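Topology and contacts: notes
Spelled out from the first residue to the last, the chains are:
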Amino acid sequence: MNNGRTLWDSLKLPRPRRSGARPHLVYLAIGFPPAAKSCAYRMRETANQFAAAGWDVTAVTIADEAWEREHGLDHTLSQGVDPSVRVVKLPLFRDDLETDIRSFTEQRALAHKDYLAELRKQDLKVFPEPVFGGWRPALEKALLQIHRERHVDLLVTTCAPYVNLAATWKLWETHRVPYVVDFRDGWSVDVINNGEAFFRESVSGQWETKLLTAAVAIWNVNEPISRWYRERYPELAHKMRVVRNGYDAASIPAQVRPAPPDRPLTFGYLGALTLPVPLLDAVLQGWRTARAEDPALADARFEVRGHIGTGWARGANAHAELLRAAAVDGVLVGGSVPKAEVVDLYSRWDAVVLMVTGGRYMTSGKVYEYMATGLPVVSAHEADHDASTVLSTYPLWTGAVGLDPAELTSAFRRAAAMARAADAAEREKARAEARQYAREEQLIPAVREVTELVLGAGGPTAPQSSPAGARVLAREGRS
Amino acid sequence: MIEILMVMGTVPGRVAVLTDALEQFRAKGVIVRVATTFDPVENTPAATELAEVHRLPTSAELGSRFVRMAKRANPARRPWLRAQRDPWVRRHAKRADVLVALDAHALHTVWHLAQRHRRADAVYGIAPALRAVEKRSADPARYRRPRLNTTGPAPVVLASATRSQTVDLAKRVFEMSTGKRAMKLGPVRWFWQGAVTAPGLPERHRGRIARRVTGNMLESGHAASAKRLALAAQGRLGPTTRGPLLDPIVDAELSQGKVSEHLMTVVRSHLKLADGFLKKRNPGKAEPHVLRAFNLMFHRIVQFDGTTSPLAEDPEKFLAPLHDSEAGRAMAAPRGRQSPAAFPPAGRPHRMLFFTGLNDNFLGPILDRYEAMPGVEVRRLNLREESILPVLSNGRTNVVQHLLAGSSKRADEVQEAWGPHLDWADTVFVDWCNLGAAMLTMIDPGTTRVVVRLHSFEAFSWWPHLTDWSRVDDLVFVSEHLRDLALAAVPRLGAPQGPRTHMINNAMELHRYVTPKVSADSRFTLGLVGLSSLAKDPRWALAVLRELRRRDERYRLKLIGDALDPKLSPAIEAYVRELDAELAELESSGAVVRTGRTDDVPGALTDVGVILSTSLRESFHCALVEGAASGAVPVVRDWPFFAGRPHSARTLFPSDWVVGTPEEAAERILALTASEEVWREAGRAASAHVLSTWDWSVTQKDFDRLLLEPPATAD
């Protein structure tokens, strides 16, 4: 079912580092750098902060080749990882994203959809999560092996994939290793459709309940999700903590100036295009009309950067088709951007477009980064969205107008006016508003809290608070 | 130079993505060739300018032998069967460095090409193709080196070719030996009967073979052999396979006017199949099986065109398979209404909405009364209007889909079309419990009170089982025996969420039938009004007439109304044949007169001295009551469908009107027509009874109570 199982026996883990009396933390983080995924930023900072707090960190992820099938790799992300962090890459692959036809059986080639449906069915038998459920045995085995080699003092698990929870439970069940669940967007809450993803009595519900009950701490990315969990499990409310995604200071230009009047404006979007097609369509319609109606946008460009599609459909899905058709309206598709080059991108953009799916339970990570740039932000998401809450105090925001193309047209026009008119003071005020969301600021207290809970007050080394982003800047050799 | 061969199995939905990729390949100096299963010039003209695009040979070009073979093959294999026979594909696949499947339908073709040309990369999708080209460009020397494992076709190719040829041969032999031509041969039929009952054959194969063989036996005119084989295989098949095998046999018997003894086996099987799909949360696939079960259970041969009906005989037993099935339970689940029906506020007219257009025969006096009544505002929703018809189209299928799935797009359309009318109305009256009622209850009626009237035929149909009774406030019957039958057939009518039930007789303006008889001799003329369904059973009237004429040749019979249409069903055809044979003799002697249809029924009754009801079943029989109003002496057969029940013709009419046999009828007629005085007195008494009991001037008060007064408890 997955290539990982057959390769498993030959797996050689990197030698564990022994750093005297430093406690050992395993960070189960599938998506850890160099995976070119948005979750990699949070994972990188989490590992770094635990290392800074005195832990010997072993980050567990999957092989680089596996990411080639999905959104690819960004090796510049790995440069920012604390050198003391040991990274274990398991040979697990998503079979559903396989594109090498030589590896197919004739039956799969004949009935590809049926094959994928069967694959999902088999995955669900192992763990209640399609696509990833089949990884459960391999993950459990890996954690047990790591623990055998060097005693694990704390396991931090981050989801998705949720199959990580099975391995987490295994280590707890067999060796009573305490664990933290960094739930990010949660599991039983459906952040896209604003409701319950599954009942407490369901198989997934039972997994979630037992995992959370024994956890040391439970992290979520925003207050609405955390509230959902506090209401769902009131007896566990004391363990819940909001750890926002925040932004990386290294990705933010030192200064942003108003757009000169003689240069056409450039709007930008950065992120994986996993949003619903109607949402993208509404934005492009709004953009087209704004460009046609407003002289300030006559020659404006809209640069869309990020991954489009996965597996065989990479760069060839409905999003790609829409964007290519919008080329006549000044829409440019530039592909993904290495993390280290993001700062240059923001430096030449005049406004940013926040396209996010979901509603009141969804925040997204890019909203913090967009705010930190001090650029005008056009919101393209449901009005009742957590990004609206975050942006509500941001002075260069065009407001939550929903997804009506006519309203989006007005939002683009307002952003164009702001891009030309907002002076340095206004931009500085906007950037100051975002500073509270620096990634380190979000993670340091949470890491300190967990360290104290597991090791007792004082811990091995209290993490040093530093100006936001300074540590990452230093690591990446930037000033 | 790198060469790519792409294969497209379907017309691409994203042409811009494709042309963009072709431009990228061209910029890299790559030669791209594209093989398509469709006409590229018509469907992807932009691609033809950027690459050499070639259409795989069509079935017509490949000849009839190929067509037969392709028909036998799995549809997913067909693109490869075409590509395999294409020299262009063979030539360019051999040269290609990268083989690309652009969609899932092309995967199998590329998989086969990859087995034959192992030097090439074989990938799925544009981005992987670009990556493969980049890899080859980065290290061309690596790919030039010949390797043992990339030379020549894979061994699996030979094995696969042999296997597919063998499979194809076996399929051809099977098709020939089970075809219609083969079924004309007795030994072949004998052989297959043995084969399908042989032990050890897996059920899916046994079922498939038996279905094909029985189907072809029936088509070749060997119905008896087909039935024998299907019955022989029954013992070795599971409940879901048994039914489909007997399906064509039951159909064949129904088309001959016979109710098959295996009807309920097939019904149960279809309901079980439907349950299986519902369990897998696939109501779409369950729906055809439910419809098939309905078609069989409520087939006209089963319920309407016989002298009896299994539903009338024992409704609980007959409908148990439906009520006990998951599908039946899903359709019976009450959706309820968010707010109870509200009585209209004082200070404005009572707004009534009537569904009209499908059959308004019994609605006239009711509409006239309330349209003329101060304090009542009436609107008609004509279901035959063009704007409404799309909502009703394919109605039964859509209602079943809705009930099985719990929601549907059609319900939204009904809400959109009918919602404003319901919002306006205080009370909606739906005459006939059929499509209109079922579709209305797909949506929540808000605070509008819903009243439905069930006449007769609906109780023998699927409609009461497709109506959500938790959204109906009042259900009106025209007689007690129909209420008994409906309550037994649809148990949820009696559930707490079910409607209040009422018995209110039809609205009839009987005074217009009171006309003097032309002469004293009219007493020797029996009248039967309405003949258009087999349930009227005019042959029973002929039996009465014969009995009378045996004693007194002055008696004759006047048949008023359209004749039975023999084309409606084989059962009616057989009945008409026998009726015509009887009539031939009686008509020639002047004993029977057929007047055909008339618009002047009161006029036609002036020479009728005795009015008959000879029906097998009736809900009320208005024509009899109208005849009685005219002064004719009523003689009512104890309708066999309901005879002996707590409510029947005997409880509906004065007991002396009702007789059990033609002989009893003759006795009653002889007694009451013995003299003019006796006859006129009996006629006057009958007329007085019907006018004082069923005339609209009397029954309209029941309607007023139902529609204008706040709801009371059930009668």
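Residues numbered from 1 in each chain as written. Chains lettered and ligands numbered in written order. Predicted model: local features only at pLDDT ≥ 70, side-chain atom pairs only at ≥ 80, totals over all residues. Heavy atoms only, no water.

**Section: the pairing of strand β4 (residues 98–101) of chain B**
Residues and elements named next belong to chain B. The line we're drawing: Burial classes follow relative accessibility: with a 1.4 Å probe on protein chains only, a residue under 20% of its type's maximum area counts as buried, one over 50% as exposed, and anything between as partly exposed. A run of DSSP states H or I qualifies as a helix once it reaches four residues; a run of E qualifies as a strand once it reaches two. Both are numbered from the N-terminal end. Strands are labelled as partners when DSSP assigns at least two bridges between them. By convention a crossover is right-handed if, when the strands point away from the viewer, the path from the first strand over the helix to the second runs clockwise.
Of the two faces of β4, both are covered, the one formed by V98 and V100 as well as the one formed by L99 and A101. When strand β1 (residues 3–8) meets β4, the two strands line up parallel, connected through four bridges. Directly across from I4, in β4, lies its bridge partner V98. Each parallel crossover has a hand, and the one from β4 via helix α8 (residues 107–116) to strand β5 (residues 121–124) is right-handed.

**Comments concerning the domain arrangement of chain B**
Heads up, the condition is: Segmentation of the chain into domains, including their bounds, is taken from an automatic or database domain assignment.
Considered domain by domain, chain B is made up of domain 1 (3–161), domain 2 (177–307), domain 3 (350–503) and domain 4 (511–694). Taking only C-alpha atoms into account, the centre of domain 1 of chain B sits 59 Å from that of domain 3 of chain B.

**Quick notes on the sheet that holds strand β12 (residues 525–529) of chain B**
Residue and element names in this part refer to chain B. Our working rule: Here, residues are in contact when the closest pair of their heavy atoms is within 4.5 Å. Comment: axis = line fitted to C-alpha atoms, over the contacting stretch for helices; angle = value between 0 and 180 degrees taken between N-to-C directions.
Ordered by their spatial adjacency, six strands build an open sheet running β14-β13-β12-β15-β16-β17, and the pairing between neighbours is parallel. Each of the sheet's edge strands pairs with one partner strand only, and the pair in question is β14 (592–596) and β17 (658–659). One ladder, built from four bridges, connects strand β15 (residues 610–613) with strand β16 (residues 633–637); its direction is parallel. Its bridge partner lying in β16, I611 is registered against P634. Where helix α29 (residues 570–588) meets the sheet, it contacts β13 (556–560) and β14, and its direction lies at approximately 110 degrees from that of β14. Strands in contact with helix α33 (residues 662–672) are β12, β15, β16 and β17; relative to β16, the strand with the most contacts, it is inclined by about 170 degrees.

**Let's talk about the domain arrangement of chain A**
Residues and elements named next belong to chain A. For the record, the criterion: Put simply, buried area is the surface a 1.4 Å probe can reach on two separate parts but cannot reach once they are joined, added for both. Counted as salt bridges are all cases of a side-chain nitrogen of Lys or Arg within 4 Å of a carboxyl oxygen of Asp or Glu. The definition of a polar contact used here is a pair of N or O atoms within 3.5 Å, where within protein one atom must be able to donate a hydrogen and the other to accept one, and adjacent residues in sequence count solely through side-chain atom pairs. Residues are grouped as follows: Ala, Val, Leu, Ile, Met, Phe, Trp, Tyr, Cys and Pro are nonpolar; Asp, Glu, Lys and Arg are charged; every other residue, Gly included, is polar.
Domains assigned within chain A are domain 1 (3–246 + 439–475) and domain 2 (249–435). For domain 1 and domain 2, the distance between their C-alpha centroids amounts to 30 Å. With 32 residues of domain 1 in contact, the opposing surface of domain 2 contributes 26 residues. Contact between domain 1 and domain 2 buries roughly 2300 Å² in total, counting both sides, with carbon and sulfur atoms accounting for 60%. Ranking the residues of domain 1 by area buried against domain 2 places H71, N194 and P224 at the top, with a combined share of 24%. Our enumeration of links across domain 1 and domain 2 arrives at zero salt bridges. At the boundary of domain 1 and domain 2, one finds eleven residue pairs in polar contact (both at pLDDT 80 or more). Broken down by secondary-structure element, the contributors of at least two residues to the side of domain 1 that touches domain 2 are α2 (39–52), α4 (75–79), β6 (189–190), α10 (223–232) and α19 (470–475). Considering each element in turn, the side of domain 1 that touches domain 2 owes the most residues, three residues, to α10. The residue inventory of the side of domain 1 that touches domain 2, partitioned by class, reads 14 nonpolar, ten polar and eight charged.

**Points about helix α1 (residues 15–27) of chain B**
Residue and element names in this part refer to chain B. How we decide: Expected helix span is taken as 1.5 Å per residue step, with the number of steps being one fewer than the number of residues.
The first and last C-alpha atoms of α1 sit 18 Å apart over 13 residues, in line with the 18 Å expected at 1.5 Å per residue. Burial in α1 covers these residues: V17, L18, T19, A21, L22 and F25. Just downstream of α1 lies G29, where phi reads positive at about 80 degrees.

**Notes on the packing of helix α7 (residues 136–149) of chain A against helix α8 (residues 164–175) of chain A**
Residues and elements named next belong to chain A. We apply this condition: Roughly parallel means an angle under 35 degrees; roughly antiparallel means over 145; roughly perpendicular covers 65 to 115; every other angle is labelled oblique. Crossings are sorted by hand: turned counterclockwise from the far helix by less than a right angle, the near helix makes the crossing left-handed, and turned clockwise it makes it right-handed.
Between α7 and α8, whose axes approach to 8 Å, the crossing angle comes to 40 degrees. With respect to α8, the element α7 is oriented oblique. As for the relative orientation of α7 and α8, their crossing is right-handed in sense. Contact with α7, carried on its side by R136, L139, E140, L143, L144 and H147, involves N164, A166, A167, T168, K170, L171, T174 and H175 of α8 and no other residues of that element. Looking at the contact of α7 with α8 residue by residue, the classes come out as six nonpolar, five polar and three charged.

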